[in-house]
Amino acid sequence: MKEYPFFAMMARMKYIERWSLMRNSAAENISEHSLEVAMLAHGLGIISRERCGKDVDLDKLALIGLYHDANEIITGDMPTPVKYHDRGIRDAYKRVEEMANRKLLEQLPDYMKTYYQDVLFMREGDEEVWRLVKAADKLSALIKCIEEEKAGNKEFATAYETIREALHAMKMEEVEIFMQDFLPSYRRTLDELQRL
């Protein structure tokens with residue numbers, strides 16, 4: 001009987017730490033990050049539907065959010081300043097990510113591969129879904145910066161500004177609405193949140 005390691009590999013997401021070049025007050029792994037991205041992507045999708053009049057697949061948003069960094073089980077988490085240093089590095093890393101996703105897909109039985117193909121690889125017509133997931137990924141990073149600032153860690157101040165500018169540069173109404181309506185609450189304490 002053939003053995004398939006896909007889900008055992010997914011379980012290893014909790015061992016891949018993010019923000020390796022930064023001093024963190026609280027460690028974050030890609031498992032935690034992926035859950036947050038899935039929730040944020042789903043929320044952005046609802047905003048997209050209800051406030052922007054777009055038709056997006058909410059289930060697909062959440063699912064892609066859950067798996068968007070799965071390839072890092074194989075590649076590790078490449079720090080953003082390195083990954084995006086220049087076009088050559090960025091293009092090479094995209095090829096490495098694609099290779100890692102293909103390796104993960106091969107760890108499934110044939111009858112499951114088609115279900116994960118669209119989760120691990122962008123399909124024509126799903127550009128808006130992947131764009132919303134990318135925005136959710138950036139929002140998650142911005143939220144991490146806010147959490148670190150609240151903990152008294154100034155290490156993330158520049159990252160906060162850079163990520164905030166990148167989010168505005170995406171020119172997505174959904175992102176602007178989220179940042180206006182939801183982001184301020186991340187600066188509040190638990191007691192303050194419960195009183196809102």
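Bear in mind that the values here come from a model prediction, so they are computed numbers and not experimental data. (Residues numbered from 1 in each chain as written. Predicted model: local features only at pLDDT ≥ 70, side-chain atom pairs only at ≥ 80, totals over all residues. Heavy atoms only, no water.)

### A closer look at the overall build of the protein chain
Selection criterion: Put simply, DSSP H or I for four residues or longer makes a helix, DSSP E for two residues or longer makes a strand, and each gets a number counted from the N terminus. Radius of gyration: C-alpha atoms only; globule rule: 2.2 Å multiplied by the number of residues to the exponent 0.38. Contacts are assigned to residue pairs with any non-hydrogen atoms lying within 4.5 Å of each other.
When helices and strands are counted, the protein chain shows eleven helices and zero strands. The order of helices and strands in the protein chain, counted from the N terminus, is α-α-α-α-α-α-α-α-α-α-α. A compact globule built from 196 residues would reach a C-alpha radius of gyration of about 16 Å, and the protein chain, at 17 Å, matches this within 12%. When the backbone C-alpha atoms are referred to their principal axes, the protein chain occupies close to 55 × 40 × 35 Å. For the protein chain, contacts bridging at least 24 residues in sequence account for 68% of all contacts bridging at least 6.

### Side note on the nonpolar core
For the record, the criterion: Only buried residues count toward a nonpolar core. Its members are Ala, Val, Leu, Ile, Met, Phe, Trp, Tyr and Cys residues joined through side-chain atoms within 4.5 Å. Partly exposed residues are those whose accessible area sits between 20% and 50% of the maximum for their type, while under 20% is buried and over 50% is exposed, using a 1.4 Å probe and protein chains only.
One finds L61, I163 and L167 to be the most contacted residues of the largest nonpolar core, which totals 35 residues. When residues of this core are traced back to their parent elements, those giving at least two are α2 (30-50), α3 (58-67), α8 (127-150), α9 (157-169) and α10 (173-181). Counting residues in hydrophobic clusters, the runner-up holds 17 residues, among them I30, I73, L105 and V119.

### Details of the packing of aromatic side chains
As a reminder, the rule being used: What counts as a ring pair is set by centres within 6.5 Å for rings of Phe, Tyr and Trp (its six-membered ring), and what kind of pair is set by the plane angle: stacked under 30 degrees, edge-to-face over 60, tilted for all other angles. Consider the ring centre and the ring normal. A charge sits over the ring if Lys NZ or Arg CZ is within 6 Å of that centre and within 35 degrees of that normal.
Applying the stated criterion across every chain yields a total of seven aromatic pairs. Grouped by ring-pair contacts, the aromatic residues F6, F7, Y67 and Y116 constitute a single cluster. Above the ring of Y15, the side-chain terminus of K14 is found at 5.4 Å from the ring centroid. One residue, R102, lies across the ring of F121, its end atom 4.5 Å from the ring centre.

### A look at the environment of Y15
The residue Y15 is located in the loop between α1 (6-10) and α2 in this model. Using a relative accessible area of 53% as the deciding quantity, one classes Y15 as exposed. Distance in space between the C-alpha atoms of Y15 and G65 is 18 Å, their sequence separation being 50 residues.

### Quick notes on unusual backbone geometry
Not every positive phi belongs to a glycine, and W19 is a case in point at roughly 60 degrees. Tracing the sequence through the fold places W19 in the loop between α1 and α2. The backbone phi angle of K171 is positive, close to 50 degrees, even though this residue is not glycine. Along the chain, K171 falls in the loop between α9 and α10. In this structure K171 comes out as exposed when scored by relative accessible area, which is 71%.

### Focus on the side chain of E148
The condition that has to hold: Within 3.5 Å is the distance limit for a polar contact, defined as a pair of N or O atoms, with the added protein rule that one can donate a hydrogen and the other accept it, and that residues adjacent in sequence qualify only through two side-chain atoms.
Take E148: it is sitting in helix α8. At a separation of 2.6 Å, a polar atom in the side chain of E148 contacts the side chain of K144. Polar contacts involving the side chain of E148 include one to the side chain of N153, which spans 2.8 Å. Discounting chain neighbours no more than four positions away, the residues touching E148 are R23, N24, S25, A26, N153 and F156.

### Observations concerning the pattern of salt bridges
Heads up, the condition is: Salt bridges are defined as contacts in which a side-chain nitrogen from Lys or Arg sits within 4 Å of a carboxyl oxygen from Asp or Glu.
Scanning the entire structure with this criterion turns up 14 salt bridges. The closest approach of N and O atoms between R51 and D181, which form a salt bridge, is 3.4 Å. Here R51, found in the loop between α2 and α3, pairs with D181, found in helix α10; they are 130 residues apart in sequence, far enough to count as distant. Overall, the relative accessible area of 52% leaves R51 in the exposed class. The class for D181 is partly exposed, based on a relative accessible area of 38%.

### Considering α3
When you tally the buried positions in α3, you get seven out of ten residues, the bulk of the element. Residues L58, K60, L61, A62, I64, G65 and Y67 constitute the buried set of α3. Contact partners of the buried residues in α3: α1, α2, α7 (110-120) and α8.

### Considerations on α10
Three or more residues of α10 are buried, namely E174, V175, I177, F178 and M179. For α10, the secondary structure elements touched by its buried residues are α2, α8 and α9.

Geometry only, nothing functional implied.
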